[in-house]
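# Report on the structure
Chain by chain, the residues run as shown.
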Amino acid sequence: MTGTSTRDARLNRLWGAVCAFAGIFFLVWALSWVKANVLNDDLHNHCRAVHTTSFPFEKSCTSEDGAVEGANSVVLEGVFFGSLAATAACLAAVFTIEASRRK
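Residues numbered from 1 in each chain as written. Predicted model: local features only at pLDDT ≥ 70, side-chain atom pairs only at ≥ 80, totals over all residues. Heavy atoms only, no water.

For the rest of this paragraph, the subject is the layout of surface pockets. By rolling a water-sized probe across the atoms, one finds the places where empty space is left. Of the volumes computed, that of the largest pocket is approximately 160 Å³. Around the largest pocket, the lining residues are His46, Cys47, Arg48, Ala49, Cys61, Thr62, Ser63, Glu64, Ala67 and Glu69. For the lining of the largest pocket, the residue count by class is four nonpolar, three polar and three charged. (1 Å grid on protein atoms, 1.4 Å probe; cavity = no way out; pocket = protein on both sides within 12 Å on 5 of 7 lines; lining within 4 Å. Points joined across faces, edges and corners; volume = space filled by probe spheres on them. Nonpolar A, V, L, I, M, F, W, Y, C, P; charged D, E, K, R; others polar.)

Shown next, in the form of structure tokens:
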């Protein structure tokens, strides 16, 4: 392989990673939206202290004994923010390779 074709193959793999990580990010965002706005929509009917966030979507309720109902799991939030960070890192790599190609 020549240097140019190796660089093109690397760029194609990085663009594929960007698309995959962005897809995971939007999938988890959609899942958290469905959980907050469809599954946990009636939390305000049986809970006084309803907490909502919009990034990622979450609607949770903390009862008087300290139990939390409806909150996103730590794993889900880890995948959400991890895929966002991985997308940004791969995009930075793509733009760095493109910038070095133009020189």
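Moving on: the pairing of strand S1 (residues 50-54). As a general feature of sheets, a regular strand has side chains that alternate between the two faces. In this structure, S1 lies alongside strand S2 (residues 57-62), joined through five bridges in antiparallel fashion. Residue pairing for S2: Thr53 is matched across the bridge by Glu58. Counting the residues between successive antiparallel strands, the hairpin from S1 to S2 contains two residues. (Pairing = 2+ DSSP bridges. Helix = DSSP H or I, 4+ residues; strand = E, 2+ residues; numbered from the N terminus.)

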